[in-house]
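Here are the chains, one letter per residue:
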Amino acid sequence: MTFKSMRTFLTVLGMTGFLAACEEGTPRVVEMYVDNNGTWRYLPEAAQKGPILVILLPRAIAAASGYESITLDLMNEAAKQRTKTVFTANPGDAKSGVRVIHFIGAGSGTGGSSLCSGSVPEAVRGEKELKIISVLCRGSNRLSEVHGWIAVKTAAQDEEFRLVMLDLMKGLFKRPETER
């Protein structure tokens with residue numbers, strides 16, 4: 001075996017291991033859109049008025065499975081490390097025009113712009129994984145959108161869910177390109 005073919009073999013072997021690890025439920029998050037001005041400034045700006053509304057959809061899945069309460073705890077814990085922002089699931093407590101929507105079980109046609117505009121599509125349960133679309137909205141405008149995936153069997157208390165939700169939040173609240 002030549003050096004070049006050996007290097008190719010080792011590369012393929014390494015990629016196979018990496019892909020196998022991804023199939024076993026490794027948390028994955030992809031930033032789909034971030035406003036050119038960044039979104040980091042919206043966090044403290046919005047929090048000055050009071051709690052920021054967090055909406056988990058579909059409601060039946062969010063409330064029954066414990067996703068809502070654990071998501072709020074994670075978001076508040078992460079936010080307290082940076083600012084005094086408080087997130088709430090109660091629309092009556094929210095004082096800001098900025099809100100976060102997490103859609104668990106999003107289908108291929110679901111997007112952040114439509115979620116910000118108030119569209120609530122049907123949830124889709126994949127065979128192996130659930131797609132989560134997280135979007136930061138100001139009114140009906142999308143400021144940032146991040147997609148994540150968890151294994152279907154993932155419970156709200158699982159480490160995989162915690163890691164994905166924290167990565168989604170990091171993706172939603174970004175500094176402008178010029179500040180990174």
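Above this text sits the structure in question.
Each chain carries its own residue numbering, running from 1 in the direction its sequence is written. Totals for whole chains, interfaces and linings use every residue, but because this is a predicted model, local features are given only for residues with pLDDT of at least 70 and side-chain atom pairs only at 80 or more, for both listing and counting. As a rule here, side-chain values come from all non-hydrogen atoms in the structure, and water together with hydrogens is ignored.

Draft legend 1. View of the pairing of strand β6 (residues 141-151). The classification of residues rests on relative accessible area computed with a 1.4 Å probe and restricted to protein chains. Under 20% of the type maximum is buried, over 50% is exposed, and intermediate values are partly exposed. Strands here are runs of E lasting at least two residues and helices are runs of H or I lasting at least four, both read from the DSSP assignment and numbered beginning at the N terminus. Extensive coverage of β6 is indicated by the burial of 9 of its 11 residues. Between any two strands, pairing holds if DSSP finds at least two bridges. Of the pairings in the sheet, the one linking strand β1 (residues 28-34) to β6 comprises 6 bridges and is antiparallel in character. Its bridge partner lying in β6, Tyr33 is registered against Glu145. Between strand β5 (residues 129-138) and the antiparallel strand that follows it, β6, lie 2 residues; Gly139 among them carries a positive phi value of about 65 degrees.

Draft legend 2. Expanded view of helix α6 (residues 159-172). Multiplying 1.5 Å by the helix residue count minus one yields the expected span of that helix. Here α6 spans 20 Å end to end across 14 residues, near enough to the 20 Å set by a 1.5 Å rise per residue. Those residues of α6 that fall on the buried side of the exposure criterion are Glu160, Phe161, Val164, Met165, Leu166, Leu168, Met169, Gly171 and Leu172.

Draft legend 3. A look at the environment of Leu168. Position of Leu168 among the secondary structure elements: in helix α6. Given the relative accessible area of 0%, Leu168 is considered buried. Sequence separation between Leu168 and Val30 is 138 residues; the distance between their C-alpha atoms is 8.4 Å. Discounting residues that sit within four places of it in the chain, Leu168 has contacts with Val29, Ile132, Ser134, Val146, His147 and Gly148. Here a residue-residue contact requires only that any non-hydrogen atoms of the pair lie within 4.5 Å.

Draft legend 4. A look at the nonpolar core. Within the largest apolar cluster, 29 residues are counted, with the highest numbers of intra-cluster contacts made by Phe87, Val100 and Ile132. Listing elements by their share of this core, those giving two or more residues are β2 (52-57), α4 (67-80), β4 (98-104), β5, β6 and α6. Ile101, Phe103, Cys116 and Cys137 belong to the second-largest nonpolar core, a separate cluster that totals 9 residues. Here, the term nonpolar core denotes a set of buried Ala, Val, Leu, Ile, Met, Phe, Trp, Tyr and Cys residues that are joined through side-chain atoms within 4.5 Å.

Draft legend 5. Inspection of unusual backbone geometry at higher detail. Cis geometry marks the peptide bond from Leu57 to Pro58, where omega comes out at -15 degrees. Relative to the elements of secondary structure, Pro58 occurs in the loop between β2 and α3 (59-65).

Draft legend 6. Structural detail: the pattern of salt bridges. Throughout this description, the term salt bridge denotes a Lys or Arg side-chain nitrogen within 4 Å of a carboxyl oxygen of Asp or Glu. Tallying each qualifying case throughout the model produces 4 salt bridges. Residue Glu145 is joined to Arg142 by a salt bridge in which the shortest nitrogen-to-oxygen separation is 2.7 Å. Taking the relative accessible area as the measure of exposure, Glu145 reaches 5% and is therefore buried. Here Arg142 falls in the partly exposed class, since its relative accessible area comes to 26%. Measuring nitrogen to oxygen at the nearest pair gives 3.1 Å for the salt bridge that ties Arg162 to Glu159. Highlighted residues: Arg162 and Glu159, both in helix α6, separated by 3 residues, approximately one helical turn. Classification of Arg162 by relative accessible area gives partly exposed; the value is 30%. The exposure class assigned to Glu159 is partly exposed, which follows from its relative accessible area of 44%.

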